[in-house]
Amino acid sequence: MAGTVTHDPPPAVGGSPGRPLIVTEDAELLDDLLRLCAAAGATPEVHHGVPERRGSWEAAPLVLVGDDAARRVRGAARRRGVVLVGRDQDDSGVWKRAVQIGADHVLMLPDGEQWLVDRIADVAEGVGRPAVTVGVIGGRGGAGASTLACALAVTSAREGLRTLLVDADPLGGGLDVLLGGETAEGLRWPAFAASRGRVGGGALEESLPRLHSLRVLSWDRGDCVAVPPQAVRAVLAAARRRGGTVVVDLPRRLDDGVAEVLAQLDLALLVVPAELRAVAAAGRVASAVGMVLRDLRVAVRGPYTPGLDDREVARLLGLPLAGEVPVESGLLRPYHSGKPPGAAGRGPLARFCKDFWERTLVEAGGT
């Protein structure tokens, strides 16, 4: 059980990791808190009362006060990020003691263990602003969604942002192949199939192949073509906690795993060739995706059928227009030059991606 007294503690200042502070003389409680810190990947500082070292109490990003120590910290400076931890679910006096020490939360073990592990892990990872997360989906097969996803990710990385490119389509052939990195060392989706609960963002990032200054989560060439929805949720949540941008190449179908991805997207681009059959197919995709996704925009790709332009395609689909995706050879066929789409930093496709990120990051409150 976890209860809020005042407000949530903020993330570590500047997104930098910090050490949680534990204050208790209860040996059994201390063992439990140390175990939970280890599970969250954090090494705490432990004291029996308010630390004598100046600034230690104020500087800790998270303070876990055992109920046995509440009286000893009553005179400490008030600050955010204090959690009063106890075991007696029936002790109504715990709320009064929490108010006396200025605690943000009251937490009872063992019921509140997962909540506490998540909070400690946030501290260990230095969680700040979550990543701007963008999906790309084709209105029909061969629309160029995968190539646009790669170009967006490459452009983001070139602009100096921490970037992760996620291949959510197990039947798509692999984005690592499109980037020329199918033999690169690192984990692929099947390695995360057993993931549950919380996945460490830093550990995830370091485990993935690094290609063209970005990290890539793709599929291997094995028989595994599905990852449980709870694993998809855990992995994508970990990726978003690292900040920067996450670009997801989406399949044109909606199952439980894809629904988990859609629920964590800030927006998605529906890539639609400017032809009537493609618009009709894209309408069906938009209808299915729109049941989960809050913000779906259309990116129109030429050449245009007579009577159609980008605004008319957007009007027919009833979606906001993200822009016209330039026609380049790399968008229409697999890339074999060794350079991924948008890598050169010039040309119509690179300009489209750069303009997209400039607008989107402003919308998200970034820079």
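Structure shown above.
Nothing here was measured: the structure is a model prediction, and the numbers come from that model. (Residues numbered from 1 in each chain as written. Predicted model: local features only at pLDDT ≥ 70, side-chain atom pairs only at ≥ 80, totals over all residues. Heavy atoms only, no water.)

### Details of the overall build of the protein
- What the protein contains, in helices and strands, is 13 helices and 14 strands.
- Principal-axis analysis of the C-alpha atoms gives the protein an extent of 80 × 40 × 35 Å.
- Scored against the burial criterion, the 367 residues of the protein give a buried share of 51%.
- Of the roughly 16600 Å² of accessible surface on the protein, 51% is carried by carbon and sulfur atoms. (Helix = DSSP H or I, 4+ residues; strand = E, 2+ residues; numbered from the N terminus. Buried < 20%, exposed > 50% of the residue type's maximum accessible area, 1.4 Å probe, protein only. Areas by Shrake-Rupley, 256 points an atom, 1.4 Å probe, with all protein chains shown as cover.)

### So, a nonpolar patch on the surface
- A cluster of nonpolar side chains, namely Leu 254, Met 291 and Val 292, defines an oily patch on the protein surface of about 260 Å² accessible area.
- The topology assignment puts Leu 254 in the loop between strand S11 (245–249) and helix H9 (256–263). (Patch = residues over 30% accessible without salt bridge, like charges linked within 9 Å, V, L, I, M, F, W, Y side chains within 5 Å. Salt bridge = Lys/Arg side-chain N within 4 Å of Asp/Glu carboxyl O.)

### Considerations on the environment of Ala 288
- Looking at where Ala 288 falls in the secondary structure, it is placed in helix H10 (residues 276–289).
- Residue classification places Ala 288 among the partly exposed residues on the basis of a relative accessible area of 26%.
- As for Ala 288 and Phe 356, which are separated by 68 residues in sequence, their C-alpha atoms are 24 Å apart.

### Some words on the side chain of Glu 205
- Here Glu 205 shows up in helix H7 (residues 201–207).
- In terms of polar contacts, Glu 205 uses its side chain to reach the side chain of Arg 162, at 3.2 Å.
- Ignoring anything within four residues of it in the chain, the contact list for Glu 205 reads Arg 162, Arg 215 and Arg 242. (Polar contact = N/O pair within 3.5 Å; in protein donor to acceptor, adjacent residues only side chain to side chain. Contact = heavy atoms within 4.5 Å.)

### A look at empty space enclosed by the protein
- This structure, assessed with the given rule, holds 2 cavities of 30 Å³ or more.
- What the largest cavity holds in volume is close to 100 Å³.
- In terms of lining, the largest cavity is formed by 13 residues, of which the most central are Arg 162, Leu 164, Glu 205, Ala 239 and Arg 242.
- Contributions of two or more residues to the lining of the largest cavity are made by strand S8 (163–167), H7 and S11.
- For the lining of the largest cavity, the element with the highest residue contribution is H7, accounting for 3 residues.
- A breakdown of the residues in the lining of the largest cavity according to their chemical character gives 5 nonpolar, 4 polar and 4 charged.
- Estimates place the volume of the second largest cavity at around 40 Å³.
- Residue assignment for the lining of the second largest cavity shows that the elements contributing at least two residues are S8 and helix H8 (229–241).
- For the lining of the second largest cavity, the element with the most residues is H8, which contributes 3 residues.
- Here the residues of the lining of the second largest cavity are counted per class, giving 8 nonpolar, no polar and no charged. (1 Å grid on protein atoms, 1.4 Å probe; cavity = no way out; pocket = protein on both sides within 12 Å on 5 of 7 lines; lining within 4 Å. Points joined across faces, edges and corners; volume = space filled by probe spheres on them. Nonpolar A, V, L, I, M, F, W, Y, C, P; charged D, E, K, R; others polar.)

### Focus on the packing of helix H5 (residues 145–158) against helix H13 (residues 348–363)
- Where H5 contacts H13, the axes come no closer than 9 Å and their chain directions differ by 65°. In terms of their interaxial angle, H5 and H13 are classed as roughly perpendicular. Here H5 runs over H13; the crossing is right-handed. Listed contacts from H13 to Leu 148, Ala 151, Leu 152, Thr 155, Ser 156 and Arg 158 of H5 are Leu 349, Ala 350, Phe 352, Cys 353, Lys 354, Phe 356 and Trp 357.
- In terms of residue class, the contact of H5 with H13 is built from 9 nonpolar, 2 polar and 2 charged. (Axes fitted to C-alpha atoms, helices over the stretch in contact; angles between N-to-C directions. Parallel < 35°, antiparallel > 145°, perpendicular 65-115°, else oblique. Left-handed = near helix turned anticlockwise from the far one by under 90°.)

### Comments concerning the pattern of salt bridges
- Enumeration over the complete set of coordinates arrives at 21 salt bridges.
- Measuring nitrogen to oxygen at the nearest pair gives 2.2 Å for the salt bridge that ties Arg 87 to Asp 32. Residue Arg 87 is located in the loop between strand S5 (82–86) and helix H3 (93–101), and its partner Asp 32 is located in helix H1 (residues 27–40); the two are separated by 55 residues in the primary sequence.
- With a relative accessible area of 33%, Arg 87 lands in the partly exposed category.
- Counted as one network, the salt bridges with shared partners bring together Asp 32, Arg 35, Arg 87 and Glu 113.

### Considerations on the nonpolar core
- Core analysis: the largest hydrophobic core is formed by 46 residues, its most contacted members being Val 248, Leu 250, Leu 270, Val 272, Val 313 and Leu 317.
- Counting only elements with at least two residues in this core, the list comes to S8, H8, S11, H9, strand S12 (267–273), H10, strand S13 (296–301) and helix H11 (310–317).
- Residue contributions to this core peak at 7 residues, all from H8.
- The residues contacting Leu 250, other than those within four sequence positions of it, are Gly 135, Val 136, Ile 137, Ala 168, Val 258, Val 261, Leu 262 and Leu 265.
- Counting residues in each nonpolar core, the second largest holds 34 residues, with Ala 145, Cys 150, Ala 322 and Trp 357 among its members. (Core = buried A, V, L, I, M, F, W, Y, C linked by side-chain atoms within 4.5 Å.)

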